[in-house]
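Structural description and commentary
So the chains spell out like this:
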Amino acid sequence: MRLITTTLLMSALALPALAETRTYATDQGHTEVRFGWDHAGVSRQHGEFDRAEGKLSIDLDDPASASLEVTIDATSLSTGFGPLDDHVKNADFLEVEAHPTIRFTSSSVTLTGDTTADVTGDVVVRGVAVPTTLKVDLTHQGAHPLAQFIDYYKGDWLAFRATGEIDTSSLGFALPVGTLVVDISSELKAE
């Protein structure tokens, strides 16, 4: 009986570990959502959203199975110029009173390198879903370097930089904007 128990235990230890999916949440203080657009061919304009939160569910042994959901507070838009903020927030563009959030939900992840992936999904602006692909680069994985100084940073962290383009032609903007270029940096902590 002892031999059978030992054999079963040894077999169990030899089995590959079950995949573990973990959920990571964005750290608001270290998440930036910036965007830019061509202003009628005259100049390049930029802005950012000050409030965004996201959840990433990922098995680090199988990152292609990951899923990402991001919610951006559209009312937190800032271009650095109040009258422009007000105009972009009004019914001509984002219509934030009726659509206070912008959402991105991933539908697939395609690995493109050891630390890079294309994350495809829909971004919903003004209630309209626009297919979008984010080019994502993993910039950190593991213990946070600040954990030795500040308890908040203890635990498991991931950090990413992502870029993408959003075609605004289907969004019903009052004036043509063309393509928005999005640049996102985020630190995420395991829950």
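Provided above is the structure to which this section pertains.
The paragraphs below set out a description of the structure included in this document. Numbering of residues starts from 1 in each chain and follows the order in which that chain's sequence is written. Two thresholds apply to this predicted model, a pLDDT of at least 70 for residue-level local features and 80 or more for giving and counting side-chain atom pairs, whereas whole-chain, interface and lining totals are computed over all residues. Processing note: side-chain calculations cover all non-hydrogen atoms of the structure and skip hydrogens and water entirely.

Focus: the overall build of the protein chain
Let me state the cut-off plainly: Starting at the N terminus, helices and strands are each numbered in turn, a helix being any DSSP run of H or I of at least four residues and a strand any DSSP run of E of at least two. Using C-alpha atoms as the atom set, the radius of gyration is obtained and then compared with a globule rule of 2.2 Å times the number of residues to the power 0.38. Accessibility here uses a 1.4 Å probe with only protein chains present; expressed as a share of the type maximum, an area under 20% marks a residue as buried, one over 50% as exposed, and anything in between as partly exposed. In this analysis, two residues are considered to be in contact whenever any of their non-hydrogen atoms come within 4.5 Å of each other. Calculation of accessible area relied on Shrake-Rupley with a 1.4 Å probe; when residues are assessed, cover is drawn exclusively from the protein chains displayed. Note on charges: Lys and Arg go in the positive column, Asp and Glu in the negative column, and His and the chain ends are not counted at all. By convention, the point assigned to a charge is CZ for Arg, NZ for Lys, CD for Glu and CG for Asp.
Each helix and strand counted, the protein chain has two helices and 10 strands in total. Reading the protein chain from its N terminus to its C terminus gives the helix and strand order α-β-β-β-β-β-α-β-β-β-β-β. In summary, the protein chain has a C-alpha radius of gyration of 21 Å against a globular reference of 16 Å for 191 residues, an excess of more than 25%. A principal-axis box enclosing the C-alpha atoms of the protein chain has dimensions of 80 × 40 × 30 Å. By residue count, 33% of the 191 residues in the protein chain fall in the buried class. Counting contacts in the protein chain only where the partners sit at least 6 residues apart, residues at least 24 apart contribute 55% of the total. Taken as a whole, the protein chain presents about 11,400 Å² of accessible surface, with 57% of it coming from carbon and sulfur. If you average the places of the 13 positive and of the 28 negative side-chain charges in the protein chain, the two averages end up 5 Å apart.

Some remarks on the nonpolar core
Going by this rule: By nonpolar core is meant a set of buried Ala, Val, Leu, Ile, Met, Phe, Trp, Tyr and Cys residues that side-chain atoms within 4.5 Å join together.
Residues Tyr24, Phe49, Leu56, Leu94, Ile102 and Val123 are the most contacted members of the largest nonpolar core, which totals 38 residues. Elements that contribute at least two residues to this core include exactly strand 1 (21–39), strand 3 (52–59), strand 4 (67–73), strand 6 (101–111), strand 7 (116–125), strand 8 (128–143), strand 9 (156–167) and strand 10 (179–190).

Section: the pairing of strand 7
The line we're drawing: Between any two strands, pairing holds if DSSP finds at least two bridges.
The pairing of strand 6 with strand 7 spans eight bridges and is antiparallel. Bridging across to strand 7, Ser106 finds its partner in Gly121. Between the antiparallel neighbours strand 6 and strand 7 lie four residues. Two elements, strand 7 and strand 8, share 10 bridges in a ladder whose sense is antiparallel. Paired with Gly121 across the bridge in strand 8 is Thr132. Counting the residues that bridge the hairpin from strand 7 to strand 8 gives two residues, and of these Arg126 lies at a positive phi of roughly 55 degrees.

Overview of a nonpolar patch on the surface
To keep it simple, the criterion reads: What goes into a patch is any residue over 30% in relative accessible area without a salt bridge, connected to like charges within 9 Å or, for nonpolar side chains (Val, Leu, Ile, Met, Phe, Trp, Tyr), within 5 Å. When a carboxyl oxygen of Asp or Glu lies within 4 Å of a side-chain nitrogen of Lys or Arg, that pair is called a salt bridge.
There is a patch of nonpolar side chains on the surface, built from Leu146, Phe149, Ile150 and Tyr152 and spanning about 400 Å² of accessible area. By secondary structure assignment, the location of Ile150 is in the loop between strand 8 and strand 9. A relative accessible area of 39% places Ile150 in the partly exposed class.

Thoughts on the packing of aromatic side chains
Condition: Pairing of aromatic side chains requires ring centres within 6.5 Å, counting the rings of Phe and Tyr and the six-membered ring of Trp. Pairs whose planes differ by under 30 degrees are stacked, by over 60 edge-to-face, and all others tilted.
The final tally for this structure, using the stated rule, is six aromatic pairs. Ring plane angle 15 degrees and centroid distance 5.7 Å describe the contact between Phe35 and Trp37, whose orientation is recorded as stacked. Considered together, Phe35 and Trp37 belong to a single accessibility category, that of buried residues. Each ring, one from Phe93 and one from Phe173, has its centre 5.4 Å from the other, and the planes form 70 degrees; the classification is edge-to-face. Of the two residues, Phe93 sits in the loop between helix 2 (82–89) and strand 6 while Phe173 sits in the loop between strand 9 and strand 10, which places them 80 residues apart along the sequence. For the pair formed by Phe93 and Phe173, the shared burial category is buried. Feature note: the residues Phe35, Trp37 and Phe49 constitute an aromatic cluster, connected by ring pairs.

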